[in-house]
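# Chains, contacts and geometry: an overview
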Amino acid sequence: MVVFNFEKASYAQKLLSGRIRISKLDYVPRYIVGLDVSYIKDYGLGVAVAAEFDSLRVVKVASVVDRVEVPYVPGYLAFREAPVLFKVLRKLKLDLRESILMVNGHGITHPRRFGIASHIGVVLDVPSIGVAKRILSGRVVKLDGRSVIVVDNIVGGVVFSRGRHRVYASIGHRVSIDDVVSIVDRCFVGLKPLPYPLYLADKYSRDMARDLKVRLG
DNA sequence: GCGACAG
DNA sequence: ATCTTGTCGC
């Protein structure tokens, strides 16, 4: 049996973090795609929700059930979940050249600056943003009335407060911190604690887990 | 060594 | 993430 090699995974993350491009989004996206995974035992239930960037109207949803081999260890989430998300993105059959990805997890606000949002963004070379419910790496600092996450002396993420909920958004790939702020901000609708595309991906994957359990007894 | 630790 | 009863607050 092959065991996961965390040493090599660390090396890969440090190496690949050098491929992250932090720059202003170079096109107006047509779609924003929310990505999330829930679990039943060793099966990951991945969901992708594509919404129009302007109206946030949902245009496409895809889901996949995939066996996961890698355990969850903080800092190595991508090696567990990214394969599931690559599969569901293939099923989505959407032209990602005109889209941006919103991934449940961190981007560069990661111990080796290569969280799952950056991982997926770099591998597919698609603009991406990470959105996490808890902080993983970096220091939260107040910067002109706004809480931001500083890593390596740059602003890599921003903290959003929705009532008592906190959301930590960060640069994934091919976006600027200003893009992260403006894009995540306009995805909050109503009182939902997560940006809409991610809220739906999260909801649908949980619904899927519940339904599948009923079907299994 | 100790604490912290996305999903 | 998932499991899982009662309980706090609006």
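Worth saying up front: this structure is predicted, and the values here are computed from it rather than measured.

Right, let's talk about the protein's contact with DNA strand C for a bit. The local shell around DNA strand C consists of Ser-38, Tyr-39, Lys-133, Arg-206 and Lys-213. The backbone of Tyr-39 places a nitrogen or oxygen atom 3.4 Å from a phosphate oxygen of DNA strand C. In the environment of DNA strand C, a phosphate oxygen lies 2.9 Å from a nitrogen or oxygen atom belonging to the side chain of Arg-206. Looking at the surface near DNA strand C, the elements with two or more residues in it are strand 1 (31-40) and helix 5 (196-216). Considered class by class, the residues forming the surface near DNA strand C number one nonpolar, one polar and three charged.

Around DNA strand B sit 18 residues in total, of which Tyr-72, Gly-75, His-106, Lys-133 and Arg-134 are the nearest. The sugar-phosphate share of atoms of DNA strand B within 4 Å of the protein amounts to 46%. Within the backbone of His-106, an N or O atom sits 3.0 Å from a base nitrogen of DNA strand B. Contact between DNA strand B and Lys-133: a phosphate oxygen at 2.7 Å from a main-chain N or O atom of the residue. Looking at side-chain class alone, the surface near DNA strand B contains eight nonpolar, six polar and four charged residues.

For the rest of this paragraph, the subject is the nonpolar core. Counting residues in each nonpolar core, the largest one holds 28 residues, and the members touching the most others are Ile-32, Ile-100, Ile-129, Val-131, Val-180 and Val-184. Among the elements that line this core, the one with the most residues is helix 4 (residues 177-186), at four residues. Those residues in contact with Val-180, other than ones at most four positions away along the chain, are Ile-129, Val-158, Phe-160, Ala-169, Ser-170, Ile-171, Val-175 and Asp-185. Listed in part, the 24 residues of the second largest apolar core include Leu-35, Ala-82, Leu-92 and Val-126.

Further remarks concern the packing of aromatic side chains. Using the criterion set out here, one finds four aromatic pairs in the structure. Look at Phe-4 and Phe-6: their rings are 4.8 Å apart centre to centre, the planes differ by 80°, and that puts the pair in the edge-to-face class. For Phe-6, a relative accessible area of 27% gives the class partly exposed. Seen in terms of ring centroids, Phe-160 and Phe-188 are 5.5 Å apart; in terms of plane orientation they differ by 50°. Their pairing is tilted. Here Phe-188 lies in the loop between helix 4 and helix 5 and Phe-160 lies in strand 8 (residues 154-162), a separation of 28 residues in the sequence. For the pair Phe-160 and Phe-188, one class covers both residues: buried. In this structure an aromatic cluster arises from ring pairing among Phe-4, Phe-6, Tyr-76 and Phe-79. If you follow Arg-186 out to its NZ or CZ, it ends over the ring of Phe-53, 4.3 Å from the centre.

Here we come to the pairing of strand 3 (residues 58-67). Sheet topology note: the strand 2 (residues 43-52)/strand 3 ladder contains nine bridges and is antiparallel. Residue pairing in the sheet places Ala-51 in a bridge with Val-58 of strand 3.

Here we come to the side chain of Arg-80. Its place among the elements puts Arg-80 in helix 2 (residues 77-92). Of the side chains with opposite charge, Glu-81 comes closest to the buried, unpaired Arg-80, at an N-O distance of 5.3 Å. Beyond its immediate stretch of four places on either side in the chain, Arg-80 contacts Tyr-39, Val-68, Val-70, Pro-71 and Tyr-72.

The next point concerns the packing of helix 2 against helix 3 (residues 116-124). Look at helix 2 against helix 3: their axes get within 10 Å of each other, and the N-to-C directions meet at 45°. Between helix 2 and helix 3, the angle falls in the class oblique. Note that helix 2 runs across helix 3; the crossing there is right-handed. Across the interface between the two elements, Leu-77, Ala-78, Phe-79, Glu-81, Ala-82, Leu-85, Phe-86 and Leu-89 of helix 2 pack against Ile-116, His-119, Ile-120, Val-123 and Leu-124 of helix 3.

With respect to the secondary-structure elements, Val-184 resides in helix 4. For the pair Val-184 and Phe-160, spaced 24 residues apart in sequence, the C-alpha to C-alpha distance is 8.8 Å. Apart from the residues within four sequence positions on either side, Val-184 is in contact with Met-102, Ile-129, Val-131, Phe-160, Ala-169, Asp-179 and Pro-195.

Procedures and definitions
- Residues numbered from 1 in each chain as written.
- Chains lettered and ligands numbered in written order.
- Predicted model: local features only at pLDDT ≥ 70, side-chain atom pairs only at ≥ 80, totals over all residues.
- Heavy atoms only, no water.
- Near = heavy atom within 4 Å.
- Polar contact = N/O pair within 3.5 Å; in protein donor to acceptor, adjacent residues only side chain to side chain.
- Helix = DSSP H or I, 4+ residues; strand = E, 2+ residues; numbered from the N terminus.
- Nonpolar A, V, L, I, M, F, W, Y, C, P; charged D, E, K, R; others polar.
- Core = buried A, V, L, I, M, F, W, Y, C linked by side-chain atoms within 4.5 Å.
- Buried < 20%, exposed > 50% of the residue type's maximum accessible area, 1.4 Å probe, protein only.
- Contact = heavy atoms within 4.5 Å.
- Phe/Tyr/Trp six-rings, centres within 6.5 Å; stacked < 30°, edge-to-face > 60°.
- Lys NZ or Arg CZ within 6 Å of the ring centre and 35° of its normal.
- Pairing = 2+ DSSP bridges.
- Lys, Arg positive; Asp, Glu negative; His and termini not counted.
- Salt bridge = Lys/Arg side-chain N within 4 Å of Asp/Glu carboxyl O.
- Axes fitted to C-alpha atoms, helices over the stretch in contact; angles between N-to-C directions.
- Parallel < 35°, antiparallel > 145°, perpendicular 65-115°, else oblique.
- Left-handed = near helix turned anticlockwise from the far one by under 90°.

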